[in-house]
Amino acid sequence: MRKLALGLALLLICGAVSAEQVKPAVKGVTTPAATPSDTAKKAARKPAPKGPPAKMLFGAVTAPAPLEARAIGSYAKGCLAGGISLPINGPDWQVMRLSRNRNWGHPRLLDFLERFASDARALDGWPGLLIGDMAQPRGGPMITGHSSHQIGLDADVWLTPMPDRVLTRQEREDISATSMLKDPFTVDPKIWTPLHTKLIKRAASYPQVARIFVHPAIKKALCEQAGKDRAWLSKVRPWWGHYYHFHIRLTCPPGTEGCENQKPAGADDGCGAELATWFKMLRKAEIDAARPAPPGAKPAPKKPPLSLGDLPRECMTVLNSGGGGPVIAPDGTVPAALKAAAGKDAGPPEPHLDPKALAALKAEMSKSKPGSKLAPAAALTSAADPGPASVPAPAPQAAQAASPASPSPPGSAATDQSVPLPDRKPR
Ligand SMILES: [Zn+2]
C-alpha cells in the first residue's frame, strides 16, 4: 500500500515532466481565434506542476530511512538518512508535542543536545530543556511550520524552563510555551531573565553550533546583557517567530559529502546596523499587520512548494528505503490526523500594539521617512543566512498569518518605503 502510494506519487512527477515536454508552443500564433486569453496567458506563465509537494511525502513518513546516518543537502532543501530519535525523557530534557513526531535528527544533533542540556543544568543552573521540533524521521520539508529543519541538524528549544517532574504525554501536547515579549519590540523583563541570556550564550559557545535564531527583541536583550565577552553574539541571529523558543543549527558533520554548510558567522556581533534593520522591518510588519487589505487585493504570490525533484537526488533513495515510507492518498494529501498534529501551535500568538501605540508608531515612521536610509539588504541576507533564495514580501494578511520564510533578494531594499519583509515562517 505504502509502496503503491509512493509509486503513484513518482508516476505523477514523471507524468508532469513528460506533459511539459509535449506541451505545444503558443508563440507565433496569429489568428484572432487562437489568441490566448488572459487565463491562458496566466496558465502559460505558471511553472509546470512537478508532482506532489515534497512536504506531503516527507510529512507522511513515520519511520527513519534504514541507511547510514547522513545529512543530505542544505538546511532548507534536503533530507536525512539514518535519522535517530531523541528519547522523550532524558536526565536534563523532555521532548514536547510528541504527536508531531519531529524529535528526529542526525546523531550529531542528539549528541549535542544531550551535552548542552547537561552543561546548561550543571554549569548555568538551567533546570532542563524542553525540546520542540527537530526533524521528521527522514527530514525533508514539513507540511507546517519551518522552512529549514530538513537535514537533521536543527532543533528548537523552548525558552520555558523544564518543570521539576515528568510531564504526561497529554501535558506535552497542551502546555503552551511562554512568550518572552512584552510588546512586538521588547522582551518582558518579568519573564526574560539573566538565566535566559546564559542559556543562549552557552548554546552559542560550542564549535559545532553554526547559528542560533531568536526574535529581534531577544537579540537586542542579548546585546544589552552580553557585557564585554561578545564574540558568541555573531552566531545569534534575529528571525521572525522565535519569541518563545530559540533555534539551534549545527554545522555539517565534518567530511560529509553533499551536506551544505552555511557561511561561518563572521566577527560582527550584529548589535549595530543589522539589528537596526531588523527593527525597521519589525515596525513595518507591525503596521502592515494592522492594515486591512485593500478591497480586491490579491494575496502575494506564494513560492511553489519544493517538489522531490528540487531536493538532492539521494532524497529519493531516502524516501524509498525500507518500510515506513510515506502513506499518502492518491490525491497527494496526507492523513488528516497527521496534518492536525503538525499544525498545532507550540506557543502563544505574537503580541501586537494597541491602537494608541500603533498610531504613535505610524506618526513616528512617517516623520522619519524622507532621506532615511536602511542598511543594505545584503545585511539582511547575512542576518538570515542561507534560507531559500528569494520569496516575495508577503501581503499584510500573509504577514498576519505569520506564514513563510526567507530573506529578500539582495539589492531590493533601500529606503523605508521599500523595506522588504522577509517571509515570516519560523525557521
Ligand atoms: Zn526552528
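Residues numbered from 1 in each chain as written. Predicted model: local features only at pLDDT ≥ 70, side-chain atom pairs only at ≥ 80, totals over all residues. Heavy atoms only, no water.

1. So, the state of the cysteines
Piece 1. Summed over all chains, the structure comprises three disulfides.
Piece 2. The disulfide that involves Cys252 links it to Cys259, with 2.0 Å between the sulfurs. Every disulfide takes its handedness from the sign of the S-S torsion; for Cys252 and Cys259 that torsion is -85°, giving left-handed. Of the two residues, Cys252 and Cys259, both sit in the buried class.
Piece 3. Sequence-ordered numbering of the bonded cysteines in the chain gives a pairing of 1-6, 2-5, 3-4. (Disulfide = S-S within 2.5 Å. Buried < 20%, exposed > 50% of the residue type's maximum accessible area, 1.4 Å probe, protein only.)

2. Observations regarding the nonpolar core
Piece 1. The biggest cluster of nonpolar side chains holds 56 residues, and the ones touching the most others in it are Phe116, Ile200 and Phe246.
Piece 2. Where this core is concerned, the elements lending two or more residues are β5 (93-95), α4 (107-124), β7 (129-131), β8 (154-158), α6 (194-204), β11 (209-214), α7 (216-225) and β13 (245-250).
Piece 3. Top element by residues in this core is α4. It accounts for seven residues.
Piece 4. If near-sequence neighbours (up to four positions away) are discounted, Ile200 is found in contact with Leu159, Trp192, Ile212, Val214, Ile218, Leu222, Trp232, Val236 and Phe246.
Piece 5. The next biggest cluster of nonpolar side chains, apart from the first, holds 16 residues, and it includes Cys223, Trp239, Met281 and Ile287. (Core = buried A, V, L, I, M, F, W, Y, C linked by side-chain atoms within 4.5 Å. Helix = DSSP H or I, 4+ residues; strand = E, 2+ residues; numbered from the N terminus. Contact = heavy atoms within 4.5 Å.)

3. Quick word on the side chain of Lys219
Piece 1. Mapped onto the elements, Lys219 comes out in helix α7.
Piece 2. The side chain of Lys219 is buried and forms no salt bridge, while Glu274, the nearest opposite charge, is found at 5.2 Å.
Piece 3. With residues near it in sequence (within four places) discarded, Lys219 still touches Val214, Leu233, Val236, Pro238, Asp269, Gly270, Cys271 and Leu275. (Lys, Arg positive; Asp, Glu negative; His and termini not counted. Salt bridge = Lys/Arg side-chain N within 4 Å of Asp/Glu carboxyl O.)

4. Considering the pattern of salt bridges
Piece 1. What the rule picks out here adds up to twelve salt bridges.
Piece 2. Between Asp119 and Arg115 there is a salt bridge, and its shortest N-O distance comes to 3.0 Å. Highlighted residues: Asp119 and Arg115, both in helix α4, separated by four residues, approximately one helical turn.
Piece 3. Classification of Asp119 as buried rests on a relative accessible area of 12%.
Piece 4. One salt bridge connects Asp154 with Arg249, and the closest N-O pair in it is separated by 2.7 Å. Residue Asp154 is located in strand β8, and its partner Arg249 is located in strand β13; the two are separated by 95 residues in the primary sequence. The residues Asp154 and Arg249 share a single accessibility class, namely buried.

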